[in-house]
Amino acid sequence: MNTLECIKNRISVRSFLDKDVEDEKLRIIAEAGLEAPTAKNTRDFVLTVVRGSRLQQINDTMYEILDESVRPYFMQNGKFNFYRGGNALIVVSFGAKSIMTEQNTGCVMQNMYLAATELGLGSCWINQFYKVENKKLFSLLGLEDGYKPFAALSVGYTDVMPDKKERDGKIIFLD
């Protein structure tokens, strides 16, 4: 698949199989994130790959942190599932030296999204981290002082890819 095909084929997936994603594929996705541009090339970010029991601990902590009005959005089959059921979560965190963290986050996430698509994996952007200030969560993520999570990519295998929705938007050419 070439780059343009990958861009056009990328979709958000919220239903995953109970099948582990191989370490090598997770490494490829994370390395794609490391290749993203950052404002003024500050490069002050860390990617944390979370799996197994730590993933459940983060899920439980996010249940405690999130407002009651938000929790129903993450219910799947009667259970709270913050990470949407993928079996790996790649968390994007930025340090105090970083500038324009929202824009940087978008670049890192898009690179990882496309890498997951290229590898035949489903993925979903988890954006609730950017409002969180919680030492327990930061500790679970193994973050050094001064680093804060901004987003995460839930990754996993899926048996059925959802239908792609029509994309809206305009293109305007000016001379």
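Keep in mind the model is a prediction, meaning the values are calculated, not measured.

## Comments concerning unusual backbone geometry
Step number 1: The phi dihedral of Asn41 falls on the positive side, at around 55 degrees, and the residue is not glycine.
Step number 2: Mapping Asn41 onto the fold places it in the loop between helix H2 (23-34) and strand E1 (45-50).
Step number 3: Positive phi outside glycine occurs at Arg84, with the angle close to 65 degrees.

## Regarding the state of the cysteines
Here, the word disulfide means a covalent bond between the sulfur atoms of two cysteines.
Step number 1: Applying the stated rule across the entire model yields zero disulfides.
Step number 2: Cys6 provides the cysteine sulfur closest to Cys124, a residue in no disulfide bond, and the two sulfurs are 16 Å apart.

## Brief notes about the packing of H2 against helix H4 (residues 101-118)
Step number 1: Across the interface, H2 lies against H4 with an axial gap of 7 Å and an inter-helix angle of 145 degrees. Viewed along their axes, H2 and H4 form a crossing whose handedness is right-handed. Only Val108, Asn111, Met112, Ala115 and Ala116 of H4 make contact with H2, whose side of the interface consists of Ile29, Ala30, Ala32 and Gly33.
Step number 2: Looking at the contact of H2 with H4 residue by residue, the class counts come to seven nonpolar, two polar and no charged.

## Digging into the sheet that holds E1
Step number 1: Spatially, the four strands line up as an open sheet ordered E1-E4-E6-E5, and their pairing is antiparallel. Of all the strands in the sheet, just E1 and strand E5 (122-126) have a single pairing partner and so form its edges. In this sheet, adjacent strand axes meet at a mean angle of 20 degrees when their direction is disregarded.
Step number 2: Where E5 lies against strand E6 (residues 148-156), five bridges are found, and the strand directions are antiparallel. Bridged to Gly122 within E6 is Gly156.

## Comments concerning H2
Step number 1: Helix length check: H2 (twelve residues) gives 16 Å between terminal C-alpha atoms against 16 Å at 1.5 Å per residue, within 8%.
Step number 2: Buried residues of H2: Leu26, Ile29, Ala30, Ala32 and Gly33, and no others. Seen end-on, H2 carries its buried residues on one side only, within an arc spanning 155 degrees.
Step number 3: For H2, the secondary structure elements touched by its buried residues are E1, strand E4 (88-94), H4 and E6.

## Things to note about the environment of Asp18
Step number 1: Among the structural elements, Asp18 can be located in the loop between helix H1 (3-9) and H2.
Step number 2: Take Asp18: its relative accessible area is 81%, and that puts it in the exposed class.
Step number 3: In this structure, the C-alpha to C-alpha distance between Asp18 and Asn127, residues 109 residues apart in sequence, is 23 Å.

Quick notes on the rules
- Residues numbered from 1 in each chain as written.
- Predicted model: local features only at pLDDT ≥ 70, side-chain atom pairs only at ≥ 80, totals over all residues.
- Heavy atoms only, no water.
- Helix = DSSP H or I, 4+ residues; strand = E, 2+ residues; numbered from the N terminus.
- Disulfide = S-S within 2.5 Å.
- Axes fitted to C-alpha atoms, helices over the stretch in contact; angles between N-to-C directions.
- Left-handed = near helix turned anticlockwise from the far one by under 90°.
- Contact = heavy atoms within 4.5 Å.
- Nonpolar A, V, L, I, M, F, W, Y, C, P; charged D, E, K, R; others polar.
- Pairing = 2+ DSSP bridges.
- Expected span 1.5 Å × (residues − 1).
- Buried < 20%, exposed > 50% of the residue type's maximum accessible area, 1.4 Å probe, protein only.
- Arc of directions from axis to C-beta.

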